[in-house]
Amino acid sequence: MDKEFQQKLAKILQKNDWHLGIGDVENATGVSQTKLRYWERKGYITSDQGKGQNRKFKYSTLMKVYQMKMLLDQGYTLAVAAQKAKEKDKIAHLVQQFIFDRFEGVETIDGYPAINLGYFDDQNDQILYAVVKDKKTDFKLVAAGNPNNQEG
């Protein structure tokens, strides 16, 4: 992936300025507007709301609401569901950061798609790949500059 494009895309996703109305969140998650307002009053979710304007929820809040609903459906209390959703959100941000920091493109190794995760060592002698085979992902180190993507 082009580094400049990668950096611009990461910046767009980090800003995450996509907003949804409360009706959109209700339609996407099945959580009523009444519950969404209650959850907001309790501090479990947040919205952006200017003076005299409707609530606008970030996409990340939509995902949190959806996670909370799933956890509530599994029998968790609202407080526990909100805490677990918050923890999952932190993990999702870590994964997002990892992807944008390390993703260098997709290639083929041994006939399978392989995600190039960049140099493995400080000397830039080896590249780490995540090779996706069927429903399993394995890691493989390949000598840098090896045109056939085979271990050197």
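Since we're looking at a predicted model, the values are computed, not measured.

Enquirer: Provide a residue-level description of the overall build of the chain, including the pertinent values.
Expert: Assigned secondary structure in the chain consists of five helices and six strands. When the helices and strands of the chain are read in sequence order from the N terminus, they spell out α-β-α-α-β-α-α-β-β-β-β. Looking at the 152 residues of the chain, the share that counts as buried comes to 28%. Excluding contacts between residues fewer than 6 apart, the proportion of contacts in the chain whose partners are at least 24 apart in sequence is 33%. Roughly 10400 Å² of accessible area belongs to the chain as shown, and the carbon and sulfur atoms make up 51% of that amount.

Enquirer: I'd like to hear about the sheet that holds strand β3 (residues 105-109), residue by residue, with values.
Expert: Taken in spatial order, the four strands make up an open sheet running β3-β4-β5-β6, and their pairing is antiparallel. Of all the strands in the sheet, just β3 and β6 (136-143) have a single pairing partner and so form its edges. Pairs of neighbouring strands in the sheet enclose a mean axial angle of 35°, with direction left out of account. Relative to strand β5 (residues 126-133), strand β4 (residues 112-119) runs antiparallel, the two sharing four bridges. Its bridge partner being in β5, alanine 114 is matched across the sheet by valine 131.

Enquirer: Describe the pattern of salt bridges, and please don't skip the residues or the numbers.
Expert: Two side chains bearing opposite charge may form a pair once their charged atoms approach each other closely. Scanning the entire structure with this criterion turns up four salt bridges. The closest approach of N and O atoms between arginine 55 and glutamate 40, which form a salt bridge, is 2.5 Å. You can see arginine 55 sitting in the loop between α3 (33-42) and β2 (56-58) and its partner glutamate 40 sitting in helix α3, a full 15 residues away along the chain. Its relative accessible area of 21% is what places arginine 55 among the partly exposed residues. Taking relative accessible area as the criterion, glutamate 40 reaches 18% and is therefore assigned buried. Aspartate 110 is the partner of lysine 140 in a salt bridge, and the nearest nitrogen-oxygen pair spans 2.8 Å. Here lysine 140 is found in strand β6, whereas its partner aspartate 110 is found in the loop between β3 and β4, with 30 residues between them in sequence. Exposure remark for lysine 140: the relative accessible area of 16% places this residue in the buried category.

Enquirer: Let's hear about the packing of helix α2 (residues 22-29) against helix α4 (residues 59-73): which residues, and what values?
Expert: For the pair α2 and α4, interaxial distance at closest approach is 10 Å and the crossing angle is 40°. It follows from the interaxial angle that α2 and α4 lie oblique. At the point where α2 passes α4, the crossing takes the right-handed sense. Of the residues in α4, those touching α2 at Val25, Ala28 and Thr29 are Leu62, Val65, Tyr66 and Lys69.

Reading the values: the criteria
- Residues numbered from 1 in each chain as written.
- Predicted model: local features only at pLDDT ≥ 70, side-chain atom pairs only at ≥ 80, totals over all residues.
- Heavy atoms only, no water.
- Helix = DSSP H or I, 4+ residues; strand = E, 2+ residues; numbered from the N terminus.
- Buried < 20%, exposed > 50% of the residue type's maximum accessible area, 1.4 Å probe, protein only.
- Contact = heavy atoms within 4.5 Å.
- Areas by Shrake-Rupley, 256 points an atom, 1.4 Å probe, with all protein chains shown as cover.
- Pairing = 2+ DSSP bridges.
- Axes fitted to C-alpha atoms, helices over the stretch in contact; angles between N-to-C directions.
- Salt bridge = Lys/Arg side-chain N within 4 Å of Asp/Glu carboxyl O.
- Parallel < 35°, antiparallel > 145°, perpendicular 65-115°, else oblique.
- Left-handed = near helix turned anticlockwise from the far one by under 90°.

Everything listed here is a matter of coordinates, which is why it stays silent on function.
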